[in-house]
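This is what each chain is made of:
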Amino acid sequence: MAASQNGWRVITRAECTDVEVPGGVLPVHPEFAWLAWDCAHLWHETVEPLVWPGCWGWANRPIRGGTDTSNHASGTAWDLNAPAHPQGVPIAKTFSKQQLEAIDRLELRYFGVLRWGGRWSGKSVDGMHWEGQPGVTLEAVRTLTDALAEAPAPTPPPPTPPAPTGWSGPDARGSGLGFRVEYGASGPRVQALQNFLRTRYPLYAKLLVCDGWYGNETARILAEFARRSAIRGADGRNVGPQIARALYVAGMRA
Ligand SMILES: [Zn+2]
């Protein structure tokens, strides 16, 4: 049984889970799917938007410049924004101080299970690369996945807004991929959408007032969410099929 460098078995493309991330798909080992999804989303939101082509997961190839089997062959590694961060180029040259701080937070989040190639030295340094660390066990992957998936978003939840008054509706309707709402709507489901955006996307939504009114600020943040989800031309004044799908993929179940 061929194993990749971290000890995980080499798998075929067909054995991979296709993880939907902003702008594309990363094929990875099924047990790493949630972590890859989380890592790519948080990279997109807190480090830099994902750029395509330039991101990939599973690939059957040796490590560049070596003979060991790359962790990409077991689907336990993925590369983000490869053209911007070539292997061998020092991270200080391709990341800003703020970006490196955001990456610090990701490394802490996945500590003991995933590691970032940007920490390697000399020609090995690989700022695009994330992987399951050597010897990481299935149990460790599942334990971290469960802990993070169950936990609230990495930032504190927003304070409870004042009791709503005067909601006149109409409120949002539908659910999942059928979720729909327009500018001017009001009600508890608009408030749930605002809470989701504010909690999940503190980078640009942390100041959103979750008052249940779909006004200019909610539209501005939905437009930013759409832009970061690679939906072109959305002004944020309604949630249609594309934004509903992106919200669903991002984990909203309102
Ligand atoms: Zn890589």
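Treat the numbers as computed from the prediction; the structure is a model and nothing was measured.

## Focus on the overall build of the chain
- Of the regular secondary structure elements, the chain holds 8 helices and 7 strands.
- The C-alpha radius of gyration of the chain comes to 20 Å, within 12% of the 18 Å expected for a compact globule of 254 residues.
- Overall, the C-alpha framework of the chain stretches about 65 × 35 × 30 Å when taken along its three principal axes.
- Looking at the chain as a whole, 35% of its 254 residues qualify as buried.
- Put simply, of all contacts in the chain between residues at least 6 apart along the chain, 57% involve residues at least 24 apart.

## Some remarks on the domain arrangement of the chain
- When its domains are assigned, the chain resolves into domain 1 (13-150) and domain 2 (176-249).
- Centre-to-centre separation of domain 1 and domain 2, based on C-alpha positions: 28 Å.
- Facing the 7 residues of domain 1 at the interface are 6 residues of domain 2.
- With 3 residues, the top contributor of residues to the side of domain 1 that touches domain 2 is helix 1 (residues 33-47).
- The class makeup of the residues in the side of domain 1 that touches domain 2 is 2 nonpolar, 3 polar and 2 charged.

## A closer look at the packing of helix 1 against helix 4 (residues 138-150)
- One way to put it is that helix 1 packs onto helix 4 with a least axis distance of 9 Å and a crossing angle of 50°. Classified by the angle their axes make, helix 1 and helix 4 are oblique. Remark: the crossing between helix 1 and helix 4 carries left-handed chirality. Of the residues in helix 4, those touching helix 1 at Trp34, Leu35 and Asp38 are Leu144, Thr145, Leu148 and Ala149.
- In terms of residue class, the contact of helix 1 with helix 4 is built from 5 nonpolar, 1 polar and 1 charged.

## Looking at the pairing of strand 5 (residues 129-132)
- Alternating residues of strand 5 divide into His129 and Glu131 and Trp130 and Gly132, and every residue in both groups is buried.
- In terms of strand pairing, strand 3 (residues 77-79) meets strand 5 through 3 bridges, oriented antiparallel. Bridge assignment links Trp78 to a residue of strand 5, and that residue is Trp130.
- As defined by bridge partners, strand 4 (residues 114-116) adjoins strand 5 across 3 bridges and the pair is classed as antiparallel.

## Notes on the packing of helix 1 against helix 3 (residues 97-109)
- Between helix 1 and helix 3, the shortest axis-to-axis distance is 10 Å and the interhelical angle comes to 155°. Considered as vectors, helix 1 and helix 3 are oriented roughly antiparallel to each other. The element helix 1 and its partner helix 3 pack so that their crossing is right-handed. Residues Cys39, Leu42, Thr46 and Val47 of helix 1 pack against Gln99, Ala102, Ile103 and Leu106 of helix 3.

## Describing the nonpolar core
- Counting residues in hydrophobic clusters, the biggest one holds 28 residues, and the most contacted among them are Leu26, Val28, Ala36, Cys39, Ala40, Trp78 and Leu80.
- Counting only elements with at least two residues in this core, the list comes to strand 1 (17-21), strand 2 (24-28), helix 1, strand 3, strand 4 and helix 4.
- Not counting chain neighbours up to four residues away, the residues in contact with Trp78 comprise Leu26, Val28, Ala36, Trp56, Gly57 and Trp130.

## A look at the sheet that holds strand 3
- Read from one edge of the open sheet, 3 strands run 3-5-4, paired in antiparallel fashion. The open sheet has two edge strands with one neighbour each: strand 3 and strand 4. Put simply, the sheet's adjacent strands are angled 15° from each other on average, direction ignored.

## Section: helix 7 (residues 216-228)
- With 13 residues, helix 7 should reach 18 Å at 1.5 Å per residue; the first-to-last C-alpha distance of 18 Å fits that figure.
- For helix 7, the complete set of buried residues consists of Thr218, Ile221, Leu222, Phe225, Ala226 and Arg228. Summarising the axial view, the buried residues of helix 7 lie within an arc of 165°, below the 170-degree limit, and thus occupy one face.
- Summarising the contacts, the buried residues of helix 7 are in contact with helix 1, helix 5 (188-200), helix 6 (202-205), strand 7 (238-239) and helix 8 (241-249).

## Some points on helix 5
- Given a rise of 1.5 Å per residue, 13 residues ought to cover 18 Å, and the 18 Å separating the end C-alpha atoms of helix 5 matches this to within 8%.
- Listing the buried residues of helix 5 in full gives Arg189, Val190, Gln191, Leu193, Gln194, Asn195, Leu197, Arg198 and Arg200.
- On its buried face, helix 5 is in contact with strand 6 (181-182), helix 6 and helix 7.

Rules used throughout
- Residues numbered from 1 in each chain as written.
- Predicted model: local features only at pLDDT ≥ 70, side-chain atom pairs only at ≥ 80, totals over all residues.
- Helix = DSSP H or I, 4+ residues; strand = E, 2+ residues; numbered from the N terminus.
- Rg over C-alpha atoms; globule rule 2.2 N^0.38 Å.
- Buried ≥ 20, exposed ≤ 12 C-beta atoms within 10 Å, placed from the backbone.
- Contact = placed C-beta atoms within 7 Å.
- Domains from an automatic or database assignment.
- Nonpolar A, V, L, I, M, F, W, Y, C, P; charged D, E, K, R; others polar.
- Axes fitted to C-alpha atoms, helices over the stretch in contact; angles between N-to-C directions.
- Parallel < 35°, antiparallel > 145°, perpendicular 65-115°, else oblique.
- Left-handed = near helix turned anticlockwise from the far one by under 90°.
- Pairing = 2+ DSSP bridges.
- Core = buried A, V, L, I, M, F, W, Y, C linked by C-beta atoms within 7 Å.
- Expected span 1.5 Å × (residues − 1).
- Arc of directions from axis to C-beta.

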